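In case you want the letters, here they are:
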Amino acid sequence: MKWYKQRVWQMGAGALMILFGAWLAYSAAAGEMTNTPLLWTALALIFFGLLIPLMAKALEAAQDKGGEENES
Amino acid sequence: MKESIDVSFWPWIVAATPLAAILILLVGLRWKAATAAPVGYFIATIAALTLFRASPRIIALQTVKGIWDAIFILYVIVPALLLYQVSKEAGAFQALRRGIEAYTPNDLLHVLAFGWVFASFLQGITGFGAPIAVTAPLLVAVGVVPVWAVIIPLIGHAWANTFGTLAVAWNGLQLVTEMQSPATTAIIAAVMLLLANLLAGLTIAWLFGKGRGIREGLPVVLIVSAVHSVGQLILAPLVPELASFLPATVAVGVVIMLGRSRWYRNPTGVETSRVMQKGELQQQRGEDRKKERTGGGSEQEEMSLPLALSPYFVLIALIVLVLLIPPVKDALSAFQIGLSFPELETGRGVVTEAADAYSAFSPLTHPGTFLLLSAIFAFVTFRWAGTIDRGRMDEVLIRTIRTSIPSAIALFALVPLAKVMEGSGQTLELALGIAGVATGTVYAFVAPLIGAVGSFMTSSNLSSNILFGPLQERTAAALGVAQAAILAGQTAGAAIGNSIAPSNVLLGIGSVGLTGKTGEVIRRTITYMLAGVLLAGAVSLLYVLFLSGGAGGSAQ
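Below is a short write-up of the structure.

The rules behind each value
Residues numbered from 1 in each chain as written. Chains lettered and ligands numbered in written order. Predicted model: local features only at pLDDT ≥ 70, side-chain atom pairs only at ≥ 80, totals over all residues. Helix = DSSP H or I, 4+ residues; strand = E, 2+ residues; numbered from the N terminus. Rg over C-alpha atoms; globule rule 2.2 N^0.38 Å. Buried ≥ 20, exposed ≤ 12 C-beta atoms within 10 Å, placed from the backbone. Contact = placed C-beta atoms within 7 Å. Axes fitted to C-alpha atoms, helices over the stretch in contact; angles between N-to-C directions. Parallel < 35°, antiparallel > 145°, perpendicular 65-115°, else oblique. Left-handed = near helix turned anticlockwise from the far one by under 90°. Nonpolar A, V, L, I, M, F, W, Y, C, P; charged D, E, K, R; others polar.

Before going further, it helps to examine the overall build of chain B. The number of helices and strands found in chain B is 21 helices and four strands. For 556 residues, the compact-globule estimate of 2.2 N^0.38 gives 24 Å, and chain B sits close to it at 23 Å. Oriented by its inertia axes, the alpha-carbon framework of chain B measures out at about 75 × 50 × 50 Å. Here chain B holds 556 residues, and 58% of them are scored as buried. The contacts in chain B between residues at least 6 apart in sequence include a share of 82% that link residues at least 24 apart.

Take the packing of helix α1 (residues 9-28) of chain B against helix α16 (residues 426-437) of chain B next. Each pair of packed helices can be summarised by the angle the axes make with each other and by the distance between the axes. All names here are of chain B. Contact pair α1 / α16: the axes reach a minimum separation of 9 Å and the direction vectors enclose 120°. By the angle between their directions, the pair α1 and α16 is classed as oblique. Considering only the axes of α1 and α16, their crossing is left-handed. Contacts from P11, W12, A15 and A16 in α1 reach Q426, E429, L430 and G433 in α16. Class assignment for the residues of the contact of α1 with α16 results in five nonpolar, two polar and one charged.

Counting residues at the interface gives 21 residues for chain A and 23 residues for chain B. Where the side of chain A that touches chain B is concerned, the elements lending two or more residues are α1 (7-29) and α2 (36-71) of chain A. Of the residues forming the side of chain A that touches chain B, the biggest block, ten residues, is contributed by α1 of chain A. In terms of residue class, the side of chain A that touches chain B is built from 17 nonpolar, three polar and one charged.

So, on to the environment of G347 of chain B. Residues and elements named next belong to chain B. Here G347 is to be found in the loop between β2 (344-345) and β3 (351-352). The class of G347 is exposed, set by 12 C-beta atoms lying within 10 Å. For the pair formed by G347 and R53, sequence separation is 294 residues and the distance between their alpha carbons is 4.9 Å.

Interhelical geometry of α1 of chain A versus helix α3 (residues 56-90) of chain B gives an angle of 130° and a closest axis separation of 9 Å. Classified by the interaxial angle, the pair formed by α1 of chain A and α3 of chain B is oblique. Here α1 of chain A and α3 of chain B pass one another in a crossing that is left-handed. On α3 of chain B, the residues touching I18, A22, A25, Y26 and A29 of chain A of α1 of chain A are R57, A60, L61, T63, V64 and I67 of chain B. For the contact of α1 of chain A with α3 of chain B, the class distribution of residues is nine nonpolar, one polar and one charged.

Structure (structure tokens):
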């Protein structure tokens, strides 16, 4: 299986996304003025990074279900 | 943080939901931490944005704080795993097992020595999960099943949390509260931790061989427990910084001597232990005996015990040199990196104070650095001794990174979850809810549980004390309960609660290269944690009822 199709490296990409999002979030919100568009972009990155393992799990469950239906 | 908000039923239920969801998903449905933790984070975030009226800015900055903290937990996990993988690749663990078995063949003593005595020694001097990350691989080396190799030090080190790491958690509690009687509080906490310590020794012996394990382990459990506990009881009110470290160091010497005593110089009488690897270990032992008879052995198997242990000697030397010599520690900890954060306030008036250097990281005194240096030392030394090929290093590094990634995702959700709950007032809501429905005596009993909840969420005795210490102090005053018992219960409960903190569990399973076992570890450890917290609650209750003039009496 190609590396990018492996769950662990997908999670690795998610972890990098979260780190980048955290850096953006700090830049956007730690000062006196909040950069709202940048803040939402940062939060979107963090949320998406955290969603990756959940999406992978959902996908796996759907594939397992599909496999079972095909077998029957 | 503001310490009074209006508490009502539904917000309390909502505040409890993220923690309940994580426990159900991890323990009940056996999800992996990397998938369960984000669910908890999203629930906490939605609750914060809606019911708890936190702005997106609060969510973002609290999340950043959590990720910042998580990075430094990972900074312990990754080097610990690297050290494990390098030692495993070089065959150091087989050498370690053979050497230790030659000293004493008693598996029960090995398990208690590494999982309880050595883990407590490391907790006495360093923290940040290093006792788990270091001892779990050593337990695997002496033949313990990896999952149990994580569970055993989680139980074994917990008692040393409050006065360990040079009493940083205890000093934190003193800092955030106006302790009326520090000596009395320290003694009560030491009594609670004495019971937790004895319970830890007995639990590990029971896990090893049930009734037979306890009978066989009783001499070492009683002797070591006496050394740990009496030492801590005497030192806690006088020199709290050394109250864990000194007794734990003496106990290491005691357990080495016990290895040659009549109790432990022969193999254990427990025939099948669930914590020990079965087929593989027996096969290795058979091969060892065969080679002893024929005098054969490969290049890897010729590694000596001192060589196999050398990275750990370097680790201990670095820790002692840097952390116990004040001028060295002061000089090296002068270099710190910390992020500044503004003051934040939710729509319900929960204030998180500004920080100039939030959770400042001292790279030169951090256990992660010591572990990294030990891993590098291990590679160079094993390479020099010819027990590891340079070409294998790429594979070791890739394996280390692969195994660390699920822990990273779980930590990037779990620690921010705790921070979002804290910043939005959900944590305060939870604690005030418990405090609000309790009478004086009931509160005395549940105070350690609040400490344990704090440390389950933050994975830190110190953080739990900072988070809940002021609340416990105020509630004790409002209910007229002895402050000393409540604050002792807070810190002892937090110490014991650390044994099931998901970040610590992740640290352990990461350091032995396991994934997806977080729920199983918590499920098997939670009974010890609950028993320890109940015992601490009983001590607090007895003190309040019989020694302090009762609930509603003296608040001393």
